[in-house]
Structure formats: C-alpha cells, structure tokens
Amino acid sequence: MKKGFLWGGATAANQFEGAWNKGGKGPSTADMMTGGTHTTPRRITPVLEEGTYYPSHEAVDFYGHYKEDIKMLAEMGFKVFRMSINWSRIYPNGDDLEPNEEGLTFYDNVFAELEKYNIEPLVTISHYETPFGLTKKFNGWASREVIDCYVRYCETIFNRYKDKVKYWLTFNEINVLTIPGTAFSGAGILLDEKNEVEFSADHDNEQLRFQALHHQFVASARAVKIGHSINPNFKIGCMIAYMCNYPHTCNPDDMLLTQHRTQINNMFCSDVQVRGYYPGYAKRYLKDNGIKIKMEVDDEATLKDGCVDFYSFSYYMSLVVSHNPQEDGVGGNLMGGIRNPYLKTSDWGWQIDPKGLRYTLNEIYDRYQIPVMIVENGLGAVDIVEEDGSVNDDYRIEYLRDHIIQMKEAVKDGVDLMGYTMWGCIDLVSVSTGEMKKRYGFIYVDKDNEGKGTLQRKPKKSFYWYKKVIKTNGENLE
Ligand code: BG6
C-alpha cells in the first residue's frame with residue numbers, strides 16, 4: 001500500500017464506551033434500546049424499564065479502559081483509530097447552550113493517549129447516538145432546529161480538538177435514512193407527523209425520514225464549512241453504508257431495479273455530500289412517492305458550499321436484487337436480498353463477498369475521483385475461548401485476508417485509497433441485535449449477552465495476524 005496508508009480499526013461510542021450516565025453525560029437514542037438477539041428484535045423504550053437490560057449502558061466500558069485499550073491497539077501497530085464522540089457527553093440534552101466540560105476532558109485524555117503512540121484519531125461526529133433530549137423536545141432530526149444544535153456541537157469539538165484531530169466524518173452511514181425502519185436509530189425520530197404514533201421497527205414514515213435526511217445534509221454541509229474555517233487542514237468525509245447490489249438475472253427489469261436501488265440507497269447521499277446537489281433520479285423518486293422536502297432558500301447554496309474532502313464507507317457483504325418478490329431471501333446489514341449461490345454466509349446470515357469490495361471501490365472512485373477510505377469491514381462471529389484461554393479465530397483472519405487482497409487489487413485498478421479500519425477491533429455491542437455474542441474484534445472482551453463478565457481484554461489469534469499485516473504494510477497476509 002502507499003506510504004502513510006492508514007491501517008487501523010473502528011468503534012462507535014454507543015457500542016463501546018459505556019458510562020452512559022457518568023461524567024455528566026445525558027441519555028442518547030442508543031441508551032433507550034434494549035438488548036435483542038438474531039431472532040428477537042431490540043425494542044425502543046422511551047422510558048427506561050426497571051430490570052431490562054440496555055447494552056449501551058456499560059457496553060465494554062472503554063470509558064474506564066481507554067488507556068489499556070489504546071495500548072493494545074498500539075501494540076498491533078495501529079496508524080489510525082476510528083471512534084465517535086458521544087454527542088450527549090458533550091451536550092447532555094442536545095440543545096444545551098454550554099458544553100459539559102467533563103465530557104470534553106474525557107476526549108482530551110483519549111486523544112492524548114492516542115498521540116502518545118502516534119495513532120491518528122478518525123472521529124465520527126454522530127454515530128447512531130443522537131441525544132435523547134432532542135428526541136423528546138423536537139422529535140429528533142424531523143425538526144430543523146436540530147441542525148443548529150448539531151452545528152454548535154461541531155463548533156465546540158472542532159475548536160477544542162483542532163490540533164489533535166485531523167480526520168472527521170459528519171454522520172455515520174447517513175444513507176440508512178433511505179431505508180424503512182431506521183428513523184429512530186438514524187435520526188432520533190420517535191413520533192409520526194401528528195406527534196401521535198410512536199415508531200417501532202414496523203412503523204415507518206417516509207416523509208419524515210427524508211425530511212430528516214435533508215436536515216442532516218444541511219447540517220453536514222455547514223459543519224464541513226465551519227470545520228475548514230477553524231482548521232484548513234481538516235479532512236472531513238461522508239460515510240455511507242455501501243450496499244453492493246447485483247442483479248439476480250439479466251432480465252432488464254432486474255437490471256433497472258438494481259440500478260435504482262444503487263442510486264437511491266447508495267449514491268443519493270454521497271451525490272449530495274460530494275457533488276453538492278440533489279441528483280435527478282432522487283428528485284424523481286421523491287416526487288413519485290409523494291415526498292415533499294421542505295427547503296429554505298439558502299439550503300441549495302449551503303449544500304454546494306459544504307462538499308466533503310473524502311468518501312468513506314462500510315462494507316460487509318453484497319446483495320442480490322430481483323424484481324420477483326418470490327425469490328429466496330437472506331438477511332444483511334440494514335437490508336436483506338436474494339440468496340447468492342456463489343457466496344458463503346456468516347453466522348448471522350450476511351453474504352461474504354470480498355470481490356464485491358473491489359467492485360465497490362471501483363464504482364465509488366470512478367464516480368467521484370476523490371480519496372476513499374474503508375472505515376468498516378469485518379466479520380461478526382461466535383468466538384470460542386479454548387481451555388488455555390486462546391481464541392483461534394481463523395475464520396476472521398480468512399475473511400479479512402480475502403477482503404484486503406481485493407482492496408489491493410482495487411488500488412492496482414487505480415483507486416486512491418487512504419486507509420482501512422476494520423470494524424469492532426475490540427469486541428463491542430452489535431448494533432442490529434444488541435448482542436455481545438456477535439464478535440468482530442482482534443481483542444476479546446469477557447462479557448456476554450446478559451451483560452455478565454469481567455470485561456477483561458485479551459488478544460485473539462487475529463491480533464497477531466493483523467500486527468504482521470500492518471508491519472509489512474499489507475505485504476504479508478499469511
Ligand atoms: C454498521 C454500523 O452498519 O455495521 C456499526 O455503522 C455496526 O455501528 C456495524 O456495528 C455492524 O453491524 P452489527 O449489527 O453487526 O453490529
């Protein structure tokens with residue numbers, strides 16, 4: 001890989017940090033979500049229930065373990081560490097006028113620790129953890145008021161960490177809002193337009209979701225502009241959950257549907273964030289579906305003025321698209337699809353497709369011609385701790401190796417790739433199921449689905465493998 005390639009790993013505060021009500025932190029949307037499993041969905045409880053388990057509350061307590069954790073990441077040779085700042089640790093209610101100093105100090109300490117080992121932080125500003133206060137007061141991102149709250153938060157952290165953090169992502173997987181059932185986790189929306197119906201996974205309102213998305217676009221663009229004025233060296237990126245779609249057959253209807261899904265679910269958001277305007281196909285989609293986006297006069301200029309510096313994305317799997325609803329289905333990250341007979345699936349039914357990563361990288365770079373970064377990729381699997389305490393996660397090594405091989409192919413194809421951060425480098429809570437059992441890490445954390453365990457950390461076999469990969473800059477993948 002090129003000199004200075006950013007090898008590392010990724011996390012998000014709500015799945016990793018814990019200390020949900022310590023140090024002045026307020027509750028976030030994630031803190032109101034119960035645990036679940038592969039088959040039992042997580043529940044949103046607007047009022048916390050006594051005796052119910054909320055996985056984000058302690059998560060794996062990075063808050064109390066950050067020194068030990070960063071030391072282990074340094075031992076692997078990390079060049080970059082992706083983490084999020086928990087918005088409600090800085091602004092406990094979301095709309096407070098003054099930030100919480102104790103929260104700011106916590107991240108001062110984290111960044112100082114990273115600096116000690118020359119690890120570059122990559123900070124996600126909002127990763128599925130909108131302050132719950134904004135849900136209660138404004139119905140989350142459904143209201144335009146939240147833009148100002150977000151921008152105030154960005155200004156605070158940009159000013160405070162301007163000499164410590166260079167790489168920023170405005171919203172994690174902003175495109176989730178193009179998918180039904182994501183309004184609460186993606187935008188803190190709990191009520192319908194009339195403030196009557198409470199949302200659940202099976203209740204959805206497309207109008208509100210797309211309006212919230214517009215607010216996030218404007219907020220992101222304003223943040224990019226302010227960020228660059230605070231420190232012109234900042235590199236601020238978009239972050240897309242990339243869904244690599246293949247047509248099920250060569251039937252033109254399958255082809256057109258695949259293109260449509262790719263446009264709406266993948267490209268719409270990055271077209272706005274990279275190019276600075278709503279593309280024609282998105283305008284048509286909104287019109288055809290009776291969705292009316294309320295825009296203010298300056299919004300179009302704001303979007304044009306706040307284009308991102310780089311494109312980042314998560315990649316776990318590929319999907320097969322068919323216009324025939326009868327086809328055999330499989331699960332997936334945010335969206336399922338048709339079973340692909342050429343691919344194996346993970347323990348959680350996600351279709352493993354390393355070559356899809358090469359295909360995706362080429363699609364993205366050809367379209368935008370700006371630097372690209374893979375900020376999430378990895379395998380959620382059940383790990384077994386052997387009697388001698390070791391975790392021999394050869395399946396994880398195989399998954400990562402196969403993806404890195406394809407990533408290298410894409411670089412040979414000409415893609416300008418900045419870095420690679422493997423998802424969940426230290427075991428953390430799964431966002432879709434709330435489980436601990438779905439592990440991604442190079443580092444095992446002793447904690448189970450019920451929240452029991454010592455929180456003790458230990459390296460898995462993949463830890464030593466990745467250390468070698470980084471040391472040889474991706475040359476030695478054995
Ligand atoms: C991405 C999210 O969609 O997928 C992460 O940005 C998440 O927050 C990751 O953890 C893996 O999904 P899951 O459901 O296995 O945790």
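Residues numbered from 1 in each chain as written. Predicted model: local features only at pLDDT ≥ 70, side-chain atom pairs only at ≥ 80, totals over all residues. Heavy atoms only, no water.

Our focus in this paragraph is the pattern of salt bridges. Taken as a whole, this structure holds 29 salt bridges when the rule is applied. Between Asp 108 and Lys 164 there is a salt bridge whose closest N-O contact spans 3.1 Å. Of this pair, Asp 108 sits in helix H4 (residues 101-116) while Lys 164 sits in the loop between helix H6 (145-160) and strand S4 (167-169); the two residues are 56 residues apart in sequence, bridging distant segments of the chain. When the shortest N-O distance is used, the salt bridge between Lys 461 and Asp 394 registers 2.7 Å. Here Lys 461, found in helix H14 (residues 461-471), pairs with Asp 394, found in helix H13 (residues 394-412); they are 67 residues apart in sequence, far enough to count as distant. Under the relative-accessibility criterion, Lys 461 is labelled partly exposed at 35%. With relative accessibility at 39%, the residue Asp 394 sits in the partly exposed group. In this structure, a network of salt bridges that share partners links the residues Asp 383, Asp 393, Arg 396, Asp 427, Arg 439 and Lys 460. (Salt bridge = Lys/Arg side-chain N within 4 Å of Asp/Glu carboxyl O. Helix = DSSP H or I, 4+ residues; strand = E, 2+ residues; numbered from the N terminus. Buried < 20%, exposed > 50% of the residue type's maximum accessible area, 1.4 Å probe, protein only.)

By nearness alone, 14 residues border the ligand, and Glu 173, Val 431, Ser 432, Lys 438 and Tyr 440 come closest of all. Between the ligand and Glu 173 there is a distance of 2.6 Å, counted from an oxygen atom to a side-chain nitrogen or oxygen. One of the side-chain N or O atoms of Tyr 440 is found 2.5 Å from an oxygen atom in the ligand. For the ligand, whose free accessible area comes to 380 Å², the fraction covered by protein is 100%. The residue inventory of the shell around the ligand, partitioned by class, reads five nonpolar, six polar and three charged. (Near = heavy atom within 4 Å. Polar contact = N/O pair within 3.5 Å; in protein donor to acceptor, adjacent residues only side chain to side chain. Areas by Shrake-Rupley, 256 points an atom, 1.4 Å probe, with all protein chains shown as cover. Nonpolar A, V, L, I, M, F, W, Y, C, P; charged D, E, K, R; others polar.)

Here we take up helix H8 (residues 206-230). Compared with an ideal rise of 1.5 Å per residue, which puts 25 residues at 36 Å, H8 spans 36 Å between its outermost C-alpha atoms and is within 8% of the ideal. Most of H8 is tucked away, with 20 of its 25 residues classed as buried. Capping the start of H8 is the job of one residue whose side-chain oxygen sits 3.1 Å from the backbone nitrogen of Gln 207: Asn 205. (Expected span 1.5 Å × (residues − 1).)

In spatial order, the strands read S1-S2-S3-S4-S5-S7-S13-S14; together these eight strands close into a barrel with parallel pairing. Strand-to-strand twist across the sheet, computed as the mean angle between neighbouring axes with direction ignored, equals 25°. Two elements, S4 and strand S5 (residues 235-241), share three bridges in a ladder whose sense is parallel. Its bridge partner being in S5, Leu 169 is matched across the sheet by Gly 237. Contacting S5 and strand S7 (310-314), helix H9 (residues 252-275) runs over the sheet at an angle of about 165° to S5. Its contacts with the sheet place H13 against strand S1 (6-10), strand S13 (372-376) and strand S14 (417-423), and it is angled at close to 165° to S14. (Pairing = 2+ DSSP bridges. Axes fitted to C-alpha atoms, helices over the stretch in contact; angles between N-to-C directions. Contact = heavy atoms within 4.5 Å.)

Right, let's get into the packing of aromatic side chains. Scanning all chains against the criterion turns up 38 aromatic pairs. Taken together, a centroid distance of 5.8 Å and an interplanar angle of 50° make the contact between Phe 210 and Tyr 285 tilted. With Phe 210 in helix H8 and Tyr 285 in helix H10 (residues 280-288), this pair connects stretches of sequence that are 75 residues apart. Relative accessible area serves as the criterion here: at 1%, Phe 210 is assigned to the buried category. Between Tyr 316 and Tyr 440, the aromatic rings sit 6.1 Å apart at their centres with planes inclined by 70°, giving edge-to-face as the arrangement. Of this pair, Tyr 316 sits in the loop between S7 and strand S8 (318-321) while Tyr 440 is found in the loop between S14 and strand S15 (443-445), placing the two residues 124 residues apart along the sequence. Exposure class is identical for Tyr 316 and Tyr 440. Each is buried. Members of the aromatic cluster, connected to one another through ring pairs, are Phe 5, Trp 7, Phe 78, Tyr 420, Phe 442, Trp 465 and Tyr 466. Just above the ring of Phe 106 sits the side chain of Arg 89; from NZ or CZ to the centre is 5.6 Å. Positioned over the ring face of Trp 350 is Lys 438, at 3.7 Å from the centre of the ring. (Phe/Tyr/Trp six-rings, centres within 6.5 Å; stacked < 30°, edge-to-face > 60°. Lys NZ or Arg CZ within 6 Å of the ring centre and 35° of its normal.)

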